[in-house]
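# Residue-level structure breakdown
Residues per chain are reported as follows:
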Amino acid sequence: MMDQGEEGDEEEAWLQLRPVEPLPSQCCGSGCSPCVFDIYQRDLARWEAARASKDRSLLSMEETQSCPSKLSPETFLAFLISAVDRLTEDTYLVRFALPGNSQLGLRPGQHLILRGTVDDLEIQRAYTPISPANAEGYFEVLIKCYQTGLMSRYVKSWKAGDTAFWRGPFGGFFYKPNQYGELLMLAAGTGLAPMVPILQSITDNAEDETFITLVGCFKTFEGIYLKTFLQEQARFWNVRTFFVLSQENSLEQLPWSYRDRTRFGRLDRDLLEELVGSCRRKPFALVCGSAEFTKDMAGYLLHAGLAEDSYFLF
């Protein structure tokens, strides 16, 4: 018979194994089946049954495949980490291997759910691969780490040869070639991620004549992600890139090629209205960033004359 101290330790151990309820931001809101909350309810029921019978083996019933051939929205699959590159002080570009020359199977802009464990606590976060949708044998994810973030602690521990667990795909925006006259992409920080595969799918398709105006919001010039890629994309006849830097104040400190397409401060209502007005065709806007950024941009777009069905918030 356990004493009160042992019972308390046992109870604490079970509570640490309890599934973590997804954040509202982890739900894409597009009616995915199963939704992240459906998965949570399933795992919670499994945990409650295991706890009632005091049988932890019931928690390991989840199928996990080490050599995935196809993504699953319901089952986490194991992917080998082949490279971890530190882009900035707090941002990493991570490459995951796929078997042979297989493809991940995402549409441009769709996201995956990453599962991590820190201090015996399970956590899940959504990330969008930035690799081309047709990339063979690998996929890449851009991840920003935060000083107090649990998932950040997990990601910082990664090294080549480790394994990470993903499920998906999820996402409510499905791009079709020539569906819009112009895409106005508004991205803050790692909110650039869903824009990258959509942008590349357009420039890789000679039949797609969609105009693109991409506006990247960063703190500093050094903090701009994927500079080389964005410079290459801006050479296409239908692509324009602009940058808004909140912690810079001197154009003379920037390379010449950036000076005429960089603003300082924040992307405010007036600047966004100017950008919308400069679009060559009627724009459809894509927005991704922090919750505050997304909320602000939605309001600014409405003020600039775009209807609610003329923008999508990732």
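Please read these numbers as outputs of a predicted model, since none were measured by experiment. (Residues numbered from 1 in each chain as written. Predicted model: local features only at pLDDT ≥ 70, side-chain atom pairs only at ≥ 80, totals over all residues. Heavy atoms only, no water.)

### Side note on the packing of helix α7 (residues 269–278) against helix α8 (residues 291–303)
Contact pair α7 / α8: the axes reach a minimum separation of 9 Å and the direction vectors enclose 55°. One way to sum up the angle between α7 and α8 is to call them oblique. In this structure, the crossing between α7 and α8 has a hand that is right-handed. Residues Arg269, Leu272, Glu273 and Val276 of α7 lie in contact with α8, whose contacting residues are Met297, Tyr300, Leu301 and His303. The residue inventory of the contact of α7 with α8, partitioned by class, reads five nonpolar, one polar and two charged. (Axes fitted to C-alpha atoms, helices over the stretch in contact; angles between N-to-C directions. Helix = DSSP H or I, 4+ residues; strand = E, 2+ residues; numbered from the N terminus. Parallel < 35°, antiparallel > 145°, perpendicular 65-115°, else oblique. Left-handed = near helix turned anticlockwise from the far one by under 90°. Contact = heavy atoms within 4.5 Å. Nonpolar A, V, L, I, M, F, W, Y, C, P; charged D, E, K, R; others polar.)

### Side note on the environment of Tyr127
Within the secondary structure, Tyr127 sits in strand β4 (residues 121–127). For Tyr127, a relative accessible area of 15% gives the class buried. Along the sequence, Tyr127 and Gln110 sit 17 residues apart, while their C-alpha atoms lie 8.9 Å from each other. Setting aside residues up to four positions removed in sequence, Tyr127 forms contacts with His111, Leu112, Leu114, Val141, Leu142, Ile143, Met151 and Trp166. (Buried < 20%, exposed > 50% of the residue type's maximum accessible area, 1.4 Å probe, protein only.)

### Considerations on the pairing of β4
As judged from the seven bridges shared by strand β3 (residues 111–118) and β4, these two strands associate in the antiparallel manner. Note on β4: the bridge partner recorded for Arg115 is Gln124. (Pairing = 2+ DSSP bridges.)

### Some points on the packing of aromatic side chains
This structure, assessed with the given rule, holds 17 aromatic pairs. Plain terms: the ring middles of Phe218 and Tyr225 are 5.4 Å apart, the flat faces sit at 90° to each other, and that makes the pair edge-to-face. In textbook terms, an aromatic cluster arises when at least three aromatic residues are bridged by ring pairs, as seen for Phe79, Phe96, Tyr127, Phe139, Tyr154, Trp158 and Trp166. The side chain of Arg115 reaches across the aromatic face of Phe76, ending 4.7 Å from its centre. A cation over a ring is seen here: Lys227 above Phe221, with NZ or CZ 4.8 Å from the ring centre. (Phe/Tyr/Trp six-rings, centres within 6.5 Å; stacked < 30°, edge-to-face > 60°. Lys NZ or Arg CZ within 6 Å of the ring centre and 35° of its normal.)

### Focus: α8
For an α-helix, 3.6 residues make a turn, and residues three or four places apart therefore share a direction. For α8, with 13 residues, the first-to-last C-alpha span of 19 Å sits near the 18 Å given by 1.5 Å per residue. Every buried residue of α8 is accounted for by Phe293, Thr294, Met297, Ala298 and Leu301. Across the axial projection of α8, the buried residues extend over an arc of 135°, all falling on one side. Every exposed residue of α8 that faces more than 90 degrees away from the buried side is listed here: Ala291, Glu292 and Lys295. Just past α8, the residue Gly305 takes up positive phi, approximately 105°. (Expected span 1.5 Å × (residues − 1). Arc of directions from axis to C-beta.)

### Some thoughts on the pattern of salt bridges
All chains considered together, the criterion is met by eight salt bridges. Across the salt bridge formed by Lys159 and Asp162, the nearest N and O atoms sit 3.3 Å from each other. Residue Lys159 is classed as exposed on the basis of its relative accessible area, which comes to 52%. Through salt bridges with shared partners, one network takes in Arg42, Asp43 and Glu74. (Salt bridge = Lys/Arg side-chain N within 4 Å of Asp/Glu carboxyl O.)

### Describing the sheet that holds strand β9 (residues 239–245)
Read from one edge to the other, the open sheet built from six strands follows the order β10-β9-β8-β7-β11-β12, with strand pairing classed as parallel. With partners counted over all chains shown, the strands left at the sheet margins are β10 (262–264) and β12 (311–313), one partner each. Looking at each pair of strands side by side, their axes are set apart by 15° on average, direction ignored. Bridge analysis of strand β7 (residues 182–188) against strand β11 (residues 283–288) gives six bridges, and the strand direction is parallel. Within the sheet, the bridge partner assigned to Leu186 lies in β11 and is Val287. Strand contacts of helix α4 (residues 195–203): β7, β8 (211–218), β9 and β11, with the helix running at about 150° to β7, the strand carrying the most contacts.

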